[in-house]
Amino acid sequence: MSSTDGKNTNNDREETMSQVTGKQSRAIQDPSTIKQPVATHSLSDVASARRAKFGQPTNGSTGLEAKGVHAWFGKKHVLEDISLDFYTGTVNALIGPSGCGKSTFIRILNRMHEFIPTASLAGQVLLDGKDVYESGVDVTKIRLRVGMVFQKPNPFPSMTIRENVLSGLKLAQIKIENSDELLESCLRRAGLWDEVKDRLSEYGGALSGGQQQRLCIARSLAVNPQVLLMDEPCSALDPGSTLRIEETIRELSSSMSIVIVTHNMQQAARVSDYTSFFLSDGGPGRLIESGTTAEIFTNPKQKRTEDYVSGKFG
Amino acid sequence: MSQTLLVAKPNRPWKLTPKQVLPDLLGAVFTVASTLLIVALSPLKGKLGFAITLIFMAILTATAVSWIRRDRKAAMNSTTTVLVYIAAAFVILPLISVLYEIVRLGSVGFSLGIFTDDMAETSSESPLTEGGLLHAVIGTAYIVTFATLLATPIGILTALYIVEVKGRFAGLVRFFVQAMSGVPSIVAGLFIFAVWMIQLGNAYSGIAGAFALTVLMIPTVARTSEEVLKLIPQDLREAGLALGATQWRTVAMVVVPAARSGLITAVILGVARVVGETAPLLLTVGGADAINLNPTQGNMSAFPYYVWKNLLIGNENSISRAWLGVFVLMILVLIIFTLARYLSTSRGVKK
C-alpha cells in the first residue's frame, strides 16, 4: 500500500499494520484484537501486541543517528552523551519525566536548538551518514528532510487551511505541478481530509485543537520529510483527537521514521517500535535505557526504567 | 393532578432588581442634593467649586453606602470604582468638549465649495462663501503621503531588525528610536532645514516637509511595530523555520501577515502623529495661499499651516476659516482611518 492513498477505513489501516508488522495475520482477521489491549490490558500487553519492526536500513538509508550528543544552555549541562539510532520506517518514543532534556534532544535533531541564544552542543547528528552540524551544510535543507510537529498546534493564522498545508512549499520555495493532489494526499495522510474537504478556504484557526494539530502534521508532510519529529503532539488534545493522531502516526511510519516525545506511557506503548528512557537526577539528562518498546515495557534492564514505566515515580 | 412540566426559560439571575438598585439611586440623588446644599451654604462657588464638591461627595456617599450595606471590603471596592469613573470622565469630558467646539465653530463655513477653491485671490476678510482650502487639502495629501511612503518601510524594517534579526546593534537602535520619539517636532523641521535646505541648497518644497514629517513618524511606526511583532508567538516562527524556510521567508510569509492588522495600526498612529504638525512645515514647506501641484518645488500649504495663518490674521472671518480647517482635517483623518481599519480586517474573519 502506498502512503499517499490512505483512506481512513479500518481495513486500510490494518493492511498497513500487516505490512508493518508482517506477522499479525490473526490479529488482522479480528479487528477487536488490535484495539482491545488499549482499553483493558496492562502496558506491557499493549507494547507486546504491537510487535516492533526490527529496523533494517532500507533503500541504502541509515536513517537518523545521534552520536555522543551533549547540550548546554549557558553553563548548564542539560544533556549528556546521548547516542541513539533511529531506523528508517520506525516509530521511536522518547519518554522520561519533565526537564530531562527530551525536547532539547529532538530540537537538536533538526537544528532548532540553535535558536536559543545561550545554547551550545557537542557530538554529531548523522542524517544518512552525514553530520547535520558540519560547517557548510544548508540548514534549511536539513529542516526540509527532518520535519517537526510542535506541542501546541500552531497553524499559521493568516493562512487558510489550504494555504497552511502548502505553506512548506511556498516557504521553502519549491515549485510543484499538481498542488491539489498534494493537498488532498497530505490531508488524507494526516487523517483530516474528510473533516475539512469542504472548508479548505477557511482559516486554520477555525478548526478545533485536534484538527489544528492534524493540520500541522499535514503541513509538515507536504514537504515530504524523511524523519518527522513530534514534541508531545497530543498533550493538548482530547482522547479522541489523540487516537486519530496515533492512527496517523502508524500510517506514516511506513514511509518515514518518526521520533515522538510523549509523557503518556500508554501512547508510547501503543504507537512506538522503539522506546528510549531519559532521566535527569538533578544534573544533565541521560539516556538510561533504549530498546524495543516491548522490551522496555515488559522486561526493562534497568530498575529506574521499570519504576518509571510502572508509575512508581516520575 | 396535572404534572408540572419544567420549561426552561432564559433568565438572568445576576441582573439587579429594582430593590437592589434603589440604594445606589438614592445615593446618587443624595450626592447631587448635598453638593448643591454645600455649594449654596459654603464659600465654594462657581463651576470648579461645584465639581470638586461633587467628586468629594460621590466618593464619600458611595463608600458610606457600601460600608453600611456590606462591609469594609465592599466600601474599598466602591471607592476605587468611583475613582475610576472620575478618571474616565476627566479624559472623556475635555475630548467631547473639544470635539463639540470644533464642530460648532468649524461647521459655520462648511460648504462643498471650499473643496474647489484656494485662497490665492480671496482676501482674508471676504465672506466664508468665497475662497476655499483645496490648497491645504492638496498640500497635506502630498506631504503626508510622501512621509508615510518613506516612514512606513523604514519604521517597520527597523522594528524587524530589533525583533526578528536581533542584530548586534538592536539595543542601540531601540535606544535611538526611543530617543527620537521624544524629539520636539520643530527640531525635526530644523534638521531638514539645516541639512536639506541650507547645506544642500534646496528651496521650500513639499518634499522637504515630507522629509521632516518622516523624521517624526519613524519612531512612532517603529516602536508600535516592535510591540506588535513581539506579540507574535515564537511558535509560529519556529513552525516556519522547521518547514525549511529561511528567516526572510518566515518573516515575510508568516510573521508579517500574522501581525498585519497591528502593523496597519502602527502606520495609522504614525500618520496621526504627524498630520497636525505645524512647526516643521513652517520651516520646510513655507506655506502658500495658492494651489501648488508640484511637491518637488515651491511653497505649499497644508492644514496646520492654513489654520495657523488664519488664526494669526485674526479677523472674524479668518478665525472662522481656522476652525473650518480643523474641522475638515478632522473629518478627512476620520475617513482615512476608518478606511484603513476596514481594509485591514476585511480579509476574512480571524480566529
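The structure displayed is predicted, hence computed values, not measured ones. (Residues numbered from 1 in each chain as written. Chains lettered and ligands numbered in written order. Predicted model: local features only at pLDDT ≥ 70, side-chain atom pairs only at ≥ 80, totals over all residues.)

A word on the overall build of chain B. When its secondary structure is counted, chain B shows 13 helices and zero strands. Start at the N end of chain B and walk to the C end: the helices and strands fall as α-α-α-α-α-α-α-α-α-α-α-α-α. In terms of C-alpha radius of gyration, chain B reaches 28 Å, well past the compact-globule figure of 20 Å for 351 residues. Across its three principal directions, the C-alpha atoms of chain B cover 90 × 70 × 50 Å. A total of 351 residues make up chain B; the buried ones form 35% of that total. Considering only contacts within chain B whose residues lie at least 6 apart along the sequence, 67% involve residues at least 24 apart. (Helix = DSSP H or I, 4+ residues; strand = E, 2+ residues; numbered from the N terminus. Rg over C-alpha atoms; globule rule 2.2 N^0.38 Å. Buried ≥ 20, exposed ≤ 12 C-beta atoms within 10 Å, placed from the backbone. Contact = placed C-beta atoms within 7 Å.)

Attention now goes to the interface of chain A and chain B. Every contact between the two is made by 25 residues of chain A and, on the other side, 21 residues of chain B. At the level of elements, α6 (139-145), β6 (146-149) and α7 (161-171) of chain A are the ones that each hand at least two residues to the side of chain A that touches chain B. For the side of chain A that touches chain B, the residue count by class is 12 nonpolar, nine polar and four charged. (Nonpolar A, V, L, I, M, F, W, Y, C, P; charged D, E, K, R; others polar.)

Residues and elements named next belong to chain B. Looking at chain B, the domain boundaries give domain 1 (18-108) and domain 2 (134-345). The distance between the C-alpha centroids of domain 1 and domain 2 comes to 40 Å. Domain 1 puts six residues into the contact, and the matching count from domain 2 is six residues. The residue makeup of the side of domain 1 that touches domain 2, split by class, is four nonpolar, two polar and no charged. (Domains from an automatic or database assignment.)

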